[in-house]
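Observations on the model geometry
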Amino acid sequence: MAEQQPSPLSAEDIEAIRSEVENLLQVPAVGRIVHYVSHGTPVRADGSQAYASTCRAAIITGVYFSDRELTQLVAQVDLAVLNPTGMFFNEHVHHDEDGKSGGTWHWPERV
Ligand SMILES: [Zn+2]
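Residues numbered from 1 in each chain as written. Predicted model: local features only at pLDDT ≥ 70, side-chain atom pairs only at ≥ 80, totals over all residues.

Of regular secondary structure, the protein possesses one helix and five strands. Reading the protein from its N terminus to its C terminus gives the helix and strand order α-β-β-β-β-β. For the protein, the C-alpha radius of gyration of 18 Å lies well beyond 13 Å, the compact-globule estimate for 111 residues. Once the C-alpha set of the protein is aligned to its principal axes, its extents read approximately 65 × 45 × 20 Å. Pairs at least 24 residues apart make up 45% of the contacts formed inside the protein by residues separated by at least 6 positions. (Helix = DSSP H or I, 4+ residues; strand = E, 2+ residues; numbered from the N terminus. Rg over C-alpha atoms; globule rule 2.2 N^0.38 Å. Contact = placed C-beta atoms within 7 Å.)

So, in structure tokens, the structure goes:
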């Protein structure tokens, strides 16, 4: 009789893999909602910031495909970024799913 082996993957590992596969399968298209990472205001002498870099909701208004190879499917998107107090338009925004640096976009995190 085969004995049940415990899974070597934790629940967190499984969730991280599921999330990564889901992101890889998603293709940006006009009208989809993503996150844009704001740059934040300049850091003051005392180290504080009026507004820190943060995720903002954004609607894709244009998509540029760099290559038809699946591994490099998307280079950039145009975005209508929705800030709490206003909206702005940003062209040719780079994708940064892992680093989430200021001025880039990524798929919304699951909460
Ligand atoms: Zn985000």
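Attention now goes to the sheet that holds strand 4 (residues 86–95). Strand order in the closed barrel made by the five strands is 1-2-3-4-5, with mixed pairing throughout. Direction aside, the axes of adjacent strands within the sheet are offset by 50° on average. When strand 4 meets strand 5 (residues 104–106), the two strands line up parallel, connected through two bridges. Each bridged residue has a counterpart across the sheet, and for histidine 95 the counterpart in strand 5 is tryptophan 105. (Pairing = 2+ DSSP bridges. Axes fitted to C-alpha atoms, helices over the stretch in contact; angles between N-to-C directions.)

Bridge count between strand 1 (residues 33–37) and strand 2 (residues 55–64): five bridges; the pairing is antiparallel. Along strand 2, the bridge assignment pairs histidine 35 with alanine 57. Both strand 1 and strand 5 contribute to a ladder of two bridges, which runs antiparallel. Each bridged residue has a counterpart across the sheet, and for tyrosine 36 the counterpart in strand 5 is tryptophan 105.

Take unusual backbone geometry next. Despite not being glycine, histidine 92 shows a phi value in the positive range, around 50°. One can find histidine 92 in strand 4. The phi dihedral of lysine 100 falls on the positive side, at around 50°, and the residue is not glycine. Judged by the 14 C-beta atoms lying within 10 Å of it, lysine 100 falls in the partly exposed class. (Buried ≥ 20, exposed ≤ 12 C-beta atoms within 10 Å, placed from the backbone.)

The next thing to look at is the pairing of strand 4. Sparse coverage of strand 4 is indicated by the burial of one of its 10 residues. Inspection of the sheet shows strand 3 (residues 76–83) paired to strand 4 by seven bridges, in the antiparallel sense. In the sheet register, asparagine 83 faces strand 4, and the bridge partner there is glycine 86. Remark: two residues form the turn of the hairpin made by strand 3 and strand 4, two consecutive strands paired antiparallel.

Moving on to the environment of glutamine 76. Residue position: glutamine 76 is located in strand 3. You can call glutamine 76 partly exposed: it has 18 C-beta atoms within 10 Å. Measuring from C-alpha to C-alpha, the distance between glutamine 76 and serine 66 comes to 8.0 Å, with 10 residues separating the pair along the chain. If we skip the residues at most four places from it in the chain, glutamine 76 touches Tyr64, His92, Val93 and His94.

Looking at the protein, pLDDT values average 86 and 90% of them are 70 or higher. Across the protein, strand 1 holds the top mean pLDDT of 97, while helix 1 (residues 11–25) sits lowest at 82. (pLDDT = per-residue confidence, 0-100.)

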